[in-house]
Amino acid sequence: MRFSVLASSSKGNATVISSGNTHLLVDAGISATRIRNSLQECGLSVAQLSGILFTHEHRDHIAGVGVLSKKDKLNIYCTRYMGQELRGVIHQADFTYTEPGSRVQIGSIAVTPFSVQHDATDPVGYLFEANGKKLGYVTDTGKVTRDMPTLLRHVHALYIESNHDPEMLRNSGRPYQLIERIGGNFGHLSNAQAADFVRSIAHNGLQHIVLGHLSEDCNTPETAFNCMQQTLTELQLPTILHCAPAATRLPWVQIQPI
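Residues numbered from 1 in each chain as written. Predicted model: local features only at pLDDT ≥ 70, side-chain atom pairs only at ≥ 80, totals over all residues. Heavy atoms only, no water.

**Points about the pattern of salt bridges**
Part 1 of the argument: Tallying each qualifying case throughout the model produces 10 salt bridges.
Part 2 of the argument: Salt-bridge contacts for K11 lead to E216; the nearest nitrogen and oxygen are separated by 3.6 Å. Highlighted residues: K11 in the loop between β1 (2–9) and β2 (12–19) and E216 in the loop between β12 (208–212) and α9 (221–235), separated in sequence by 205 residues.
Part 3 of the argument: Owing to a relative accessible area of 68%, K11 belongs among the exposed residues under this scheme.
Part 4 of the argument: Its relative accessible area of 48% is what places E216 among the partly exposed residues.
Part 5 of the argument: For E41, the salt bridge goes to R249, with nearest N and O atoms at 3.1 Å. Here R249 lies in the loop between β13 (240–243) and β14 (253–254) and E41 lies in helix α1 (residues 32–41), a separation of 208 residues in the sequence. (Salt bridge = Lys/Arg side-chain N within 4 Å of Asp/Glu carboxyl O. Helix = DSSP H or I, 4+ residues; strand = E, 2+ residues; numbered from the N terminus. Buried < 20%, exposed > 50% of the residue type's maximum accessible area, 1.4 Å probe, protein only.)

See below:
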């Protein structure tokens, strides 16, 4: 199993995950043209996607799906409540409704959605499993829920939002209500919260961590990277750390055989 982050920021998010002939897109929050071009860089096309999964319905996670669905009939996987939001923007698609905690098999990849805390309609994260390899996908949650450490304890790779530095957020000049929203229980994980979560699931088999959804105003790649790297060093983990760029694709991250 391998994955490539096509985009990751408050302006747009999308990630492709592949195992064998099964290719999944998680979120489609950038333009359809950019999605097609990024997939082409990965050696793929929209027609080859086995499914598109959504974490939630905010624009930075769904912006391109409407235009994508004009040319290609899509296989959409999302919760029923999220589907009600998406049907208004998608032109042609087959919907499969998922439930948090219930595994669904898509080709060679088993997918288990789990609930997260965000100010959206039924937002979720995902656990992907294929050939004994596990990838955790956590974005847009204001706190680590009780079930997340248990479900993701044995992942071999982790994509996790490391959205903001609390001090930079407080001094950002943003409206008070927005600062409270981002830093609240239904907002986004800080660098320290992401690091604390890694401590809760740490094991020597954790091969890769990708930090995503970094705020352009309230964080820097260096700040996020250093916070997580300090944690990995303290834990003496051999994990390879990446920061997903906002405007370009993070090349394939390969999860090695166990």
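**A closer look at the packing of aromatic side chains**
Part 1 of the argument: Following the criterion strictly, the structure yields three aromatic pairs and no others.
Part 2 of the argument: Here F95 and Y97 contribute two aromatic rings whose centre-to-centre distance is 6.2 Å and whose plane-to-plane angle is 40 degrees, an arrangement assigned as tilted.
Part 3 of the argument: The exposure class assigned to F95 is buried, which follows from its relative accessible area of 18%.
Part 4 of the argument: Here Y137 and Y159 contribute two aromatic rings whose centre-to-centre distance is 4.3 Å and whose plane-to-plane angle is 10 degrees, an arrangement assigned as stacked. Taken together, the residues span a long stretch of sequence, with Y137 in strand β10 (residues 133–138) and Y159 in strand β11 (residues 157–161) at a distance of 22 residues. (Phe/Tyr/Trp six-rings, centres within 6.5 Å; stacked < 30°, edge-to-face > 60°.)

**Here's the deal with the environment of R103**
Part 1 of the argument: With respect to the helices, strands and loops of the structure, R103 is situated in the loop between β6 (93–98) and β7 (104–106).
Part 2 of the argument: Setting aside chain neighbours within four positions, we find R103 in contact with A110, V111, T112 and E129.
Part 3 of the argument: A distance of 2.9 Å separates polar atoms of two side chains, one belonging to R103 and the other to E129. (Contact = heavy atoms within 4.5 Å. Polar contact = N/O pair within 3.5 Å; in protein donor to acceptor, adjacent residues only side chain to side chain.)

**So, the sheet that holds β11**
Part 1 of the argument: The strand order across the open sheet formed by seven strands is β7-β8-β9-β10-β11-β12-β13, and the pairing between neighbours is mixed. Two strands in the sheet have a free side with no partner beyond their single neighbour: β7 and β13. Within the sheet, the average angular offset between the axes of one strand and its neighbour, ignoring direction, is 20 degrees.
Part 2 of the argument: Its contacts with the sheet place helix α8 (residues 191–201) against β11 and β12, and it is angled at close to 155 degrees to β11.
Part 3 of the argument: Strands in contact with α9 are β12 and β13; relative to β13, the strand with the most contacts, it is inclined by about 165 degrees. (Pairing = 2+ DSSP bridges. Axes fitted to C-alpha atoms, helices over the stretch in contact; angles between N-to-C directions.)

These figures come from the coordinates and say nothing about function on their own.
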